[in-house]
Amino acid sequence: MKSAIYTAVNEGLARALRTPPYLILFVSDTCWMHCAHCWFNEEWKKEHLERRALGFDDYERMARSLGRVAFLSLTGGEAFQRPDIVELATMFRRTARVSRYQIPTSGYLTDRIVERTEAMLQKNPDTPFRVDVSLDGVGEIHNLQRRVRDGYSRACATITALRGLKARYAHFDVGVITTISNVNQHQVDEIGAEVERLNPDGEWMINITRGEPRDPQAIDVHPNMYRRADALIRERTEAGRMPGHGGHQTAKWLTAKNVARRQLILDIVEGRREGGGCSAGALAGVVYSDGEVHACEMLDDPLGNVQDFDGDLAALWRSPRAKALRAKIQRTKCQCTQECFLSTSMLIQPDTWPKMVRARLELAQGTRRGRPGVPSPSPG
């Protein structure tokens, strides 16, 4: 009964919205890093990326087929590697009426990232934009997980430089993401302290290694380490420090959602939550750089390729194959810890709504106790 209800809900949403309002675009296959925890590795790309890479014109055709995009993530690989990333982001914002967009980055080339970020902010002055910089350890632990010699110092420099833009552009936000793996899980407290030092009035988002990472052992994360990171975030939020997302009116609700989402992830990891009710393929979707469309990053079954639909994602989204995959997701009670798709799934899972409301109220109490506008020190 439950799966039938969610099947009907998701199919109705997919039809009404025409295309996913939460869209992840892989606009690059390459990266400056070779991270131990990364599932988007050489083996995955060799097996899955079979077609030519989409060009700017292909993306423009696809953008014209989209309904309104509430959230667009431009990722890879490393999105800032694209020389046309400013033009690409601006085109999607204008053509698909993007409400909010984001780019995750390793933070490796500070000058390039800051220059292109500021250009996007200037070209899209009314659209909230966030850059999330990965910080996966302090000192050599970050470099070990990211498999690069000087990644830590560069990431710190990028966070500091981006915060300079945040002080000048009200619609910009800077986040820090840590992917917890077996490489860095022993350093959770130190990472948390470093994030607070570097980005005290922003959000620390924690991911947990998933899929089939480059280093198979990276996925061996003890739930207590993730729980510890969650506790650190809660402690600082309740004390009025590290208030979370900024740059737009719904920012605090996103922070509250992340609080509830972390508990869901722990429930999933520890086997306390039944699967099903996933919105992948309805509210959210992924388009890889060769045009292959997936309901979720963790599902290998493609819905199709936009190159076979002349760039028309709406036509692909309503195809029989897409409908069958949406039904399969509910029938099999599919469930994972992919943070983005948990976020959209929470919107259609009524038992998560009180958790988000409670977290929002707690966040408001913490904000009243806090001291806004704490400056960030340099990384030293």
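All figures in this text were calculated on a predicted structure; none of them were measured in a lab.

Engineer: Just to check I follow, could you spell out the packing of aromatic side chains for this structure?
Structural biologist: For any pair of aromatic rings, the description rests on two quantities: the centre-to-centre distance and the angle between the ring planes. Applying the stated rule across the entire model yields 13 aromatic pairs. A centroid spacing of 5.3 Å and a plane angle of 80° characterise the contact between Trp 39 and Trp 44, whose relative ring orientation is edge-to-face. Given a relative accessible area of 10%, Trp 39 falls into the buried group. Taken together, the aromatic side chains of Phe 26, Trp 39, Phe 40, Trp 44 and Tyr 288 make up a single cluster linked through ring pairs. Positioned above the aromatic ring of Trp 317, the side-chain terminus of Arg 326 is 6.0 Å from the ring centre. Stacked on the ring of Trp 253, the Lys or Arg Arg 360 has its end atom at 6.0 Å from the ring centre.

Engineer: When you look at the side chain of Glu 292 in this model, what are you seeing that I'm missing?
Structural biologist: Note on placement: Glu 292 falls in strand S8 (residues 292–294). As a buried residue without a salt bridge, Glu 292 has its nearest oppositely charged side chain in Arg 51, at a separation of 5.2 Å. For Glu 292, the side chain forms a polar contact with the side chain of Asn 305, separated by 3.0 Å. When neighbours within four sequence positions are excluded, Glu 292 is seen to be in contact with Val 286, Val 287, Pro 302, Gly 304 and Asn 305.

Engineer: Even after reading the chapter, I still don't get the pairing of strand S2 (residues 71–75), so can you show me in this structure?
Structural biologist: Remember that side chains alternate between the two faces of the sheet whenever the strand is regular. Of all five residues in S2, five are buried, a share of seventy percent or more. Because side chains alternate across S2, one face comprises the buried residues Phe 71, Ser 73 and Thr 75, and the other comprises Leu 72 and Leu 74, equally buried. As paired strands, strand S1 (residues 22–26) and S2 are joined by five bridges and run parallel to one another. Across the sheet, Leu 23 pairs through a bridge with Leu 72, a residue of S2. Of the strand pairs in this sheet, S2 and strand S3 (residues 101–105) are connected by two bridges, and their pairing is parallel. Each residue of the ladder has a partner; that of Ser 73, found in S3, is Gln 102. Note that the unit made of S2, helix H4 (residues 85–95) and S3 has a crossover that is right-handed.

Engineer: Just to check I follow, could you spell out the pattern of salt bridges for this structure?
Structural biologist: Note that side chains of opposite charge can pair when their charged atoms are close. Throughout the structure, instances matching the rule amount to 30 salt bridges. The partner of Glu 11 in a salt bridge is Arg 326, and the shortest N-O contact between them spans 2.9 Å. Residue Glu 11 is located in helix H1 (residues 2–17), and its partner Arg 326 is located in helix H12 (residues 320–331); the two are separated by 315 residues in the primary sequence. Looking at Arg 326, the relative accessible area reads 3%, which means it is buried. Note that Arg 163 and Asp 201 form a salt bridge whose closest N and O atoms lie 2.4 Å from each other. Of this pair, Arg 163 sits in helix H7 (residues 151–166) while Asp 201 sits in the loop between helix H8 (188–198) and strand S6 (203–208), placing them 38 residues apart in sequence. One continuous salt-bridge network, built from bridges that share partners, spans Arg 52, Asp 58, Arg 61 and Asp 310.

Here is what the cut-offs are and how they apply
- The residue numbers shown here count from 1 along each chain, following its written sequence.
- Side-chain atom pairs in this predicted model are given and counted only at pLDDT of 80 or more, local residue features only at pLDDT of at least 70, and totals for whole chains, interfaces and linings cover all residues.
- No hydrogens and no water enter the side-chain calculation; it runs on all heavy atoms of the structure.
- For Phe, Tyr and Trp, where Trp contributes only its six-membered ring, two rings pair if their centres lie within 6.5 Å, and the inter-plane angle classes them as stacked under 30 degrees, edge-to-face over 60, or tilted in between.
- Each residue is placed in one exposure class: buried if its accessible area under a 1.4 Å probe, protein chains only, is under 20% of its type's maximum, exposed if it is over 50%, and partly exposed if it falls in between.
- Note on criteria: charge over ring means Lys NZ or Arg CZ within 6 Å of the ring centre, with the direction from the centre no more than 35 degrees off the ring normal.
- What counts as a helix is a DSSP run of H or I of at least four residues, what counts as a strand is a run of E of at least two, and both are numbered from the N terminus.
- Two residue types count as positive, namely Lys and Arg, and two as negative, namely Asp and Glu; His and chain ends fall outside the count.
- A pair is scored as a salt bridge if a Lys or Arg side-chain nitrogen falls within 4 Å of a carboxyl oxygen belonging to Asp or Glu.
- Whenever a nitrogen or oxygen atom comes within 3.5 Å of another N or O atom, the pair is scored as a polar contact, on the condition that within protein one atom can donate a hydrogen and the other can accept it, and that pairs from neighbouring residues in sequence are kept only if both atoms are in side chains.
- In this analysis, two residues are considered to be in contact whenever any of their non-hydrogen atoms come within 4.5 Å of each other.
- A pair of strands is labelled paired if DSSP reports no fewer than 2 bridges between them.
- By definition, the crossover connecting two strands over a helix is right-handed if that path, from the first strand to the second, turns clockwise as seen with the strands pointing away from the viewer.

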